[in-house]
Amino acid sequence: MAALALTAALAACGTSSDTTADTTGAGYQAGDGSWTVWEQGERGEPVELTGTTYEGEEVDLAGWRGDVVVLNFWYAACPPCRAEAGDLAAIHADYADEGVEMLGINPRDDAATAQAFERSFAVPYPSLHDEAARGVAALQGVVPLRAMPTTVVLDAEGRVAGRVLGQIDPAVVRGMVEDALAEAAR
């Protein structure tokens, strides 16, 4: 059902329902779960991003070309980030063997805070320690600077295929991933 809805959205040529409200004093812009998808011909250039995970590993998105990539912008004290952590872990588990990579991007937390969050919520994929906000800069125009959480799906070419502002609806993200995998298989 979600895949059908997402397919209809794709056919509508970049459907969007971006309405976010500023959350006074919360330190982030609360998203409402609205999502946007871009048709293949409307996607920009591949996202270029390198960084270091909290475990000290280097990650370069260019090395994941050919795979679908799910990026999740988060930080530990963000309530919707906590609420969606289990859904993202389940998506990772379901698609890890199908050519889907997942990467968290955290522009706020020190290593101890981020790793405590990852342990508490059993986050199985790495996160970049993005204190210089290179991840947000790499996705300028797609990810609002203070929108936490934001989840972005990159197609197999590394281009932005879809985005969710705020806490994800797992069915929507799964639909975006399925569509990107189907495109890659063609």
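Please refer to the structure placed before this passage.
Residues numbered from 1 in each chain as written. Predicted model: local features only at pLDDT ≥ 70, side-chain atom pairs only at ≥ 80, totals over all residues. Heavy atoms only, no water.

J.: Looking at this model, I keep getting lost on helix α5 (residues 170-185). Mind explaining?
T.: A turn of α-helix holds 3.6 residues, and therefore any two residues three or four places apart point the same way. Counted at 1.5 Å a residue, the expected span for α5 with its 16 residues is 22 Å, and the 22 Å between its end C-alpha atoms agrees. Buried within α5 we find V172, V173, G175, M176, V177, D179, A180, L181 and E183. (Helix = DSSP H or I, 4+ residues; strand = E, 2+ residues; numbered from the N terminus. Expected span 1.5 Å × (residues − 1). Buried < 20%, exposed > 50% of the residue type's maximum accessible area, 1.4 Å probe, protein only.)

J.: What is the right way to read the sheet that holds strand β8 (residues 127-129) from this model?
T.: Within a sheet, each strand pairs with its neighbour through backbone hydrogen bonds, oriented either parallel or antiparallel. In space, the 6 strands of this open sheet follow the order β3-β10-β9-β6-β7-β8, with mixed pairing throughout. If you trace the sheet from one side to the other, it starts and ends with β3 (35-37) and β8, each paired once. Neighbour-to-neighbour, the strand axes of this sheet turn through a mean angle of 15 degrees, independent of strand direction. The pairing of strand β6 (residues 68-73) with strand β7 (residues 100-106) spans 6 bridges and is classified as parallel. By the bridge assignment for β7, F73 is matched with I105. Contacting β6, β7 and β9 (150-154), helix α2 (residues 79-95) runs over the sheet at an angle of about 155 degrees to β7. Against the sheet, α5 makes contact with β3, β6, β7, β9 and β10 (160-165), and its axis sits at roughly 175 degrees relative to β10, the strand it touches most. (Pairing = 2+ DSSP bridges. Axes fitted to C-alpha atoms, helices over the stretch in contact; angles between N-to-C directions. Contact = heavy atoms within 4.5 Å.)

J.: I'm lost on unusual backbone geometry in this one. Help?
T.: Working note: non-glycine residues mostly have negative phi, and peptide bonds are mostly trans. Unusually for a residue other than glycine, A122 sits at a positive phi of about 50 degrees. Here A122 shows up in the loop between α3 (111-120) and β8. Of note in this structure, A133 is not a glycine but carries a positive phi near 60 degrees. On the secondary structure map, A133 appears in the loop between β8 and α4 (134-138).

J.: Please explain the pattern of salt bridges as it appears in this structure.
T.: Any two side chains of opposite charge can pair, on the condition that their charged atoms come close. Enumeration over the complete set of coordinates arrives at 6 salt bridges. Note that R43 is salt-bridged to D155, the shortest N-O span being 2.9 Å. One end of the pair, R43, is in the loop between β3 and β4 (50-52); the other, D155, is in the loop between β9 and β10, and 112 residues separate them in sequence. Accessibility assignment for this pair places R43 and D155 in one class, buried. D155 is the salt-bridge partner of R159, the closest N and O atoms lying 3.0 Å from each other. In terms of burial, R159 and D155 fall into one category: buried. Among the charged side chains, a salt-bridge network with shared partners connects R43, D155, E157, R159 and E183. (Salt bridge = Lys/Arg side-chain N within 4 Å of Asp/Glu carboxyl O.)

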